[in-house]
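So you can see what is in the structure, the chains are spelled out below.
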Amino acid sequence: MITENKSDLELVRDFHRVWHPCTQHKDFETTPPILVERAEGIYLYDRQGNRYMDVIASWWVNLFGHNHPRLNEALTRQLEKMAHVMFAGITHQPAIDLADSLVALSPPELEKVFFSDNGSTAVEVALKMSLQYWQEKGKTQKEQFAYLKGGYHGETLGALSVCGLEIFRNKFEKVLASHLPVEGPDCFRCPYGLQRESCNAECFEPMEKALSENSDTIAGVIVEPLVQGAAGMMMYPPVYLKKLQTACESLAIHMIFDEIAVAFGRTGSMFVCGAHDLRPTFLCLSKGITSGYLPLSATLTTDEIYSAFYGETRKLFIHSHSYSANPLACAVANETLKLLTENNFLESLKPKIAALKEYGKQFDSMEGEFRQTGMIAALELTKKKKERFAAEKRVGYQIFLEGLKRGLFLRPLGDVVYFIPPLVITEDEIGVMLNTAHDCIDAILK
Ligand SMILES: *Cc1c(COP(=O)(O)O)cnc(C)c1O
């Protein structure tokens, strides 16, 4: 479906002026970006009228489809009243409503909501709150964070300092604060030879050791619960998180859940922590919170943390952003939460989750692994990573190009092809998505 975009004046202007995220611009010499003109439901439409299924929900964010009438209406209703106002010394109804709803939907211990405007910042806020908490408590030596070697928490320097993935860190290593990387779960290549469905998270051992040996200096531990997204949709069982909770509670270590990708129905429940009876000290949220409409994020925490900042002026938490709790974003988030909680919406995901599983069976004959957590599915193409799919071969990029030809907007992570469509995708469309992806992969791997 790639047409003669190259001659398109807008794309020439884009090429000369715009620097896109995570993009090797030289690729645009042969394959320019898709100039999306409108989007509707789960589809993106380019200028020539070509249609692409938004298989990755525009990087996890889009839950209810593009151009949703109710979200549009919530936005315009708020727009008529107020677009933006600063959030220090001022408050507004959309933010109050949203804070109330987030607290009501999350585990009972989480009582306070701090708003910011992107996922990385929600993480920065949790890290800073944790550090300051220990300072206020006189435990000034608690200054480092444990994180998983497959963990991803955003790309600003603070968030990057607790990212375990070399590809994001290596150019900046020298300026990153030094924290404590810990070997985490790798169920597909389990070193203990166990299955994620039946194991007892034996791989918690290195974390247990790291936390108990360093509990005097560790402020907190940060994890992506159940799915390590950027690492290649590495999925691991909740028992790991149970063990983490037990360790954190006994060692006075904050447990920071980065649910930026997995919250708001993505795994089939509102939040991973709530669904598995886990009690994080901090819960970082963003991505799906406005269903892909506007930037917004929130860091939830406990009264225990909040109270350490309460009182004298010198204790205040200094972290401010111009667009904190933007009223338009909060209004759309409130409507998103309504959509997620009414008419048994989460229940209605069950047949879709089953359809992902069913259509996923067609990949069983491949040598890799098809895995799934709720509405997240991923196909890792081989166990022998380095040999067959060396980075130079760019298998993921080839599959991406093949997808475009067939009307799928895929964005493989190396040799992991993943599927996180808007939650409103139908069972039939799930079939089309996985069948077409299979064709793309066949075409490339042949
Ligand atoms: C996307 C993501 C972030 C960063 O969010 P941004 O809004 O892109 O800064 C952090 N953690 C996880 C798990 C994510 O998926």
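Being a predicted model, the structure only gives us computed values, none of them experimental.

**Student:** Which parts of the structure should I look at to understand the overall build of the chain?
**Tutor:** Scanning the chain from terminus to terminus reveals 17 helices and 16 strands. For the chain, the C-alpha radius of gyration of 22 Å lies close to 22 Å, the compact-globule estimate for 446 residues. The dimensions of the chain, computed from C-alpha atoms along their principal axes, are 65 × 60 × 45 Å. Residues counted as buried form 54% of the 446 residues belonging to the chain. Across the chain, contacts joining residues at least 24 apart in sequence account for 71% of those joining residues at least 6 apart. Of the accessible surface of the chain, which amounts to about 20,400 Å², a share of 53% is contributed by carbon and sulfur atoms. Averaging the positions of the 46 positive and the 56 negative side-chain charges in the chain gives two centres separated by 3 Å.

**Student:** Honestly, helix H14 (residues 350–360) in this entry has me stumped. Any pointers?
**Tutor:** Those residues of H14 lying buried are Lys 352, Ala 355, Leu 356 and Gly 360. Projection of H14 onto a plane perpendicular to its axis shows the buried side chains occupying an angular sector of 130°, all on one side. Within H14, the exposed residues directed more than 90 degrees away from the buried face are Lys 350 and Lys 357. Considering only its buried residues, H14 is in contact with helix H13 (345–348), strand S13 (369–373), strand S14 (376–380) and helix H17 (427–445).

**Student:** Is there a simple way to explain the site of the ligand in this structure?
**Tutor:** Taken together, Asn 118, Gly 119, Ser 120, Tyr 152, His 153, Gly 154, Glu 224, Asp 258, Ile 260, Ala 261 and Lys 287 are the residues near the ligand. The contact in question runs from an oxygen atom of the ligand to an N or O atom on the backbone of Gly 119, over 2.8 Å. At a separation of 2.6 Å, an oxygen atom of the ligand approaches a polar side-chain atom of Lys 287. Relative to its free-state accessible area of 380 Å², the ligand is covered by the protein chains to the extent of 81%. For the shell around the ligand, a count of residues per class yields three nonpolar, five polar and three charged.

**Student:** Even after reading the chapter, I still don't get the environment of Ile 56, so can you show me in this structure?
**Tutor:** You can see Ile 56 is positioned in the loop between strand S3 (51–54) and helix H2 (57–60). The class for Ile 56 is buried, based on a relative accessible area of 1%. As a C-alpha pair, Ile 56 and Leu 408 span 352 residues in sequence and 9.6 Å in three-dimensional space. Those residues in contact with Ile 56 that sit more than four places away from it in its chain are Phe 409, Arg 411, Tyr 418 and Ile 420.

**Student:** Sorry if this is basic, but what is going on with the sheet that holds strand S6 (residues 180–182) here?
**Tutor:** In a beta sheet, neighbouring strands pair by backbone hydrogen bonds and run either parallel or antiparallel. Spatial strand order, S4-S12-S11-S10-S7-S5-S6: seven strands in an open sheet with mixed pairing. Taken across any chain shown, the strands that pair with only one partner, and hence form the sheet edges, are strand S4 (110–116) and S6. In this sheet, neighbouring strand axes are inclined to one another by 20° on average, regardless of whether the strands run parallel or antiparallel. Against the sheet, helix H4 (residues 93–105) makes contact with S4, strand S11 (282–285) and strand S12 (297–302), and its axis sits at roughly 135° relative to S4, the strand it touches most. Packing of helix H9 (residues 238–251) onto the sheet brings it into contact with strand S5 (144–148), strand S7 (218–223) and strand S10 (254–258), and relative to S10 it is tilted by some 150°.

Cut-off values and rules
Residues numbered from 1 in each chain as written. Predicted model: local features only at pLDDT ≥ 70, side-chain atom pairs only at ≥ 80, totals over all residues. Heavy atoms only, no water. Helix = DSSP H or I, 4+ residues; strand = E, 2+ residues; numbered from the N terminus. Rg over C-alpha atoms; globule rule 2.2 N^0.38 Å. Buried < 20%, exposed > 50% of the residue type's maximum accessible area, 1.4 Å probe, protein only. Contact = heavy atoms within 4.5 Å. Areas by Shrake-Rupley, 256 points an atom, 1.4 Å probe, with all protein chains shown as cover. Lys, Arg positive; Asp, Glu negative; His and termini not counted. Charge placed at Lys NZ, Arg CZ, Asp CG, Glu CD. Arc of directions from axis to C-beta. Near = heavy atom within 4 Å. Polar contact = N/O pair within 3.5 Å; in protein donor to acceptor, adjacent residues only side chain to side chain. Nonpolar A, V, L, I, M, F, W, Y, C, P; charged D, E, K, R; others polar. Pairing = 2+ DSSP bridges. Axes fitted to C-alpha atoms, helices over the stretch in contact; angles between N-to-C directions.

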